[in-house]
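Here are the chains, one letter per residue:
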Amino acid sequence: MTGDLVHFPLHSETLPRSEARAAAARVLDIARNERADRERELRLEDPEQLLAIAELLRSRLEATPTEVLADSEFFFGFLEKPIRPIGRFDEREYYLGEFGLLAGIACRLLAFREKALLWLDRAESHFVLAHNSSAHVARANYQKLAVRLEQRELAEVAELAERWFRVFVSLELPQDALKCRFLQAHALKETGRHNEAILEFEQIKSAAERLRNDNLAAIAAENLFQIHAMRGDVEAAVAEAEFAGPIFRRLDNRVNLAKLQVGVGYLYHSQNRLKESISAFREAQKQFAEIGMHADVAANHLVLADLLLDANQPAQAEWEIRAALPVIDELTLVPEGIAALSLLRDSVRRRQIDRQALRSLNGYFEELKS
Amino acid sequence: MDSNDPTEKNVRVILAQDAGFIEATLVSDYGLPREEAARLTKELCEWFDRLARRPGTPTSQQSLRYQLISMTCKVGHVYWTGKLDQQPSNETVRRTLALGPEIIAFEVEQRFENNERPPRP
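Residues numbered from 1 in each chain as written. Chains lettered and ligands numbered in written order. Predicted model: local features only at pLDDT ≥ 70, side-chain atom pairs only at ≥ 80, totals over all residues. Heavy atoms only, no water.

(A) Summary view of the overall build of chain A. Of the regular secondary structure elements, chain A holds 19 helices and 0 strands. On C-alpha atoms alone, chain A measures out to a radius of gyration of 22 Å, which is about the 21 Å that the 2.2 N^0.38 rule sets for 370 residues. When the backbone C-alpha atoms are referred to their principal axes, chain A occupies close to 70 × 40 × 35 Å. The buried share among the 370 residues of chain A stands at 56%. (Helix = DSSP H or I, 4+ residues; strand = E, 2+ residues; numbered from the N terminus. Rg over C-alpha atoms; globule rule 2.2 N^0.38 Å. Buried < 20%, exposed > 50% of the residue type's maximum accessible area, 1.4 Å probe, protein only.)

Here it is as structure tokens:
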């Protein structure tokens, strides 16, 4: 602890807590380029309002990740330069960390992985100077682990998720601990250990319900739905979808509603209902496009290409692949993914689609759809 | 604001019961003038009310209280760090500063749990 970390700011009246949330919503409604010019009027330095803004952005992550990213970047920039005293003691460092973390999560949802890691590092560099820093550093590291999952580093994720699970338990943060179990369950799902994954997701769903975390319970149900759908277990799948869907709609969780729609596509596919399956994937793709999740849009192009080949529509399939390739080029793929991409591109050039390369490449997107 | 939220209740209990203890710690362990201690206690309570609403903050009463005690000790320590030209003459305060805020926070928490008074200034 040094004298640099704890500020003794000048006294100023902060917004009453009862007014902060409405004020925060009004600030977020104002165009970003107008906010900085009106910083005094809008009380952008008010710590109570900043807390409410961070809370609002957190609640909107899975509805409008592109907007959350832009707003988090705005507030991070506003707080960073020029250096200004914010609230009491550690609050400036905490808010910088929190907006950095929100930007990192939004980037992760949008599949900007390198940018996500940079934002999470920025967040951590401020969190270490904030009070209760171990909890916030752990929160940032959980997000880094989620990025590793999307990079399909499954063995590492399984090991590290167990370690962070114990950290969160010892920090008395049961909801964060439960999220680590999520990553472990995902790793099981991605390695084809479906029975173990089902067991784990069921336990997570029950634990989330006990903690009254509806969103987490619904995401567990959505994963169960996907596994049951892939296996063609219609009754079990439908029951999970009926549990998750209304919760996602109530919470405006558009990211997971779109993922649920992907599961519908798999469910129809498992029943050999090709036409309905294609329609379901197209609907999911439309929903991903609306919230700016371009990697998921591309992943759906690949799935659709595969289905269209099944439907004897090679020209349409080729079109789907050509639509996906520019987006895939922008993503950081593991070497195996790059190899599959190269094979697929060559096969499209020859107008003879390499089905194996298509499925391999789609496999590297699997996490984006789960 | 949800008045039935257990964390909210814990925060209200801590702010109602512990503000005096926090001020006494600043005065007795850190040798702050009473007026300064009262001002900082008010700021600590305001800060704590927001801290409890940050994600990543534990919710049990004991853990929440420790967050407040811990920041109180950091603030007391930094008070003297900022006064480079003055060293405390009081032996208790010299010991407090030598041991550092983490150890003192632990001692203060123990004292609170045992219902003991802070040392005499």
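(B) Quick peek at the environment of Phe-248 of chain A. All names here are of chain A. If you trace the backbone, Phe-248 turns up in helix H13 (residues 234-250). Taking the C-alpha atoms as reference points, Phe-248 and Ala-258, separated by 10 residues in sequence, lie 9.9 Å from one another. Residues contacting Phe-248, with those up to four places away along its chain left out, are Asn-215, Ala-218, Ile-219, Glu-222, Asn-253, Asn-256, Leu-257 and Leu-260. (Contact = heavy atoms within 4.5 Å.)

(C) A look at helix H14 (residues 254-270) of chain A. All names here are of chain A. Relative to the 24 Å expected for 17 residues at 1.5 Å per residue, H14 spans 25 Å between its end C-alpha atoms, a close match to the ideal helical length. Buried residues dominate H14, accounting for 12 of its 17 residues. For H14, the elements touching its buried residues are helix H5 (65-80), helix H6 (91-109), helix H12 (214-231), H13, helix H15 (274-290) and helix H16 (294-310). Taken from the residues just after H14, Asn-272 is the one with a positive phi, measuring 60°. (Expected span 1.5 Å × (residues − 1).)

(D) Quick look at the environment of Val-75 of chain B. Residue position: Val-75 of chain B is located in helix H3 (residues 61-81). Linking Val-75 of chain B and Ala-52 of chain B, residues 23 residues apart in sequence, is a C-alpha distance of 18 Å.

(E) Seen up close, empty space enclosed by the protein. The tally for this structure, following the rule as stated, stands at 2 cavities of 30 Å³ or more. If you add up the space inside the second largest cavity, you get close to 40 Å³. The wall of the second largest cavity is formed by Leu-51, Glu-55 and Arg-58 of chain A together with Arg-53 and Pro-55 of chain B. Class assignment for the residues of the lining of the second largest cavity results in 2 nonpolar, no polar and 3 charged. (1 Å grid on protein atoms, 1.4 Å probe; cavity = no way out; pocket = protein on both sides within 12 Å on 5 of 7 lines; lining within 4 Å. Points joined across faces, edges and corners; volume = space filled by probe spheres on them. Nonpolar A, V, L, I, M, F, W, Y, C, P; charged D, E, K, R; others polar.)

(F) The interface of chain A and chain B, seen in detail. With 29 residues of chain A in contact, the opposing surface of chain B contributes 28 residues. Buried surface at the junction of chain A and chain B, both sides included, amounts to about 2,700 Å², of which 57% is carbon and sulfur. There are 8 salt bridges connecting chain A and chain B. Measuring nitrogen to oxygen at the nearest pair gives 2.9 Å for the salt bridge that ties Arg-54 of chain B to Asp-90 of chain A. At the junction of chain A with chain B, the criterion picks out 11 residue pairs in polar contact (both at pLDDT 80 or more). Mapped onto the side of chain A that touches chain B, the elements with two or more residues apiece are helix H4 (47-60), H6 and helix H8 (133-150) of chain A. Grouping the constituent residues of the side of chain A that touches chain B by class yields 12 nonpolar, 8 polar and 9 charged. (Buried area = accessible area lost by both parts, 1.4 Å probe. Salt bridge = Lys/Arg side-chain N within 4 Å of Asp/Glu carboxyl O. Polar contact = N/O pair within 3.5 Å; in protein donor to acceptor, adjacent residues only side chain to side chain.)

(G) Focus on helix H2 (residues 34-51) of chain B. With 18 residues, H2 of chain B should cover 26 Å at 1.5 Å per step; its first-to-last C-alpha distance of 25 Å lies within 8% of that length. Ala-37, Leu-40, Thr-41, Glu-43, Leu-44, Cys-45, Trp-47, Phe-48, Arg-50 and Leu-51 of chain B are the residues of H2 of chain B that are buried. Where the residues of H2 of chain B are buried, they touch H4 and H6 of chain A together with helix H1 (6-28) and H3 of chain B.

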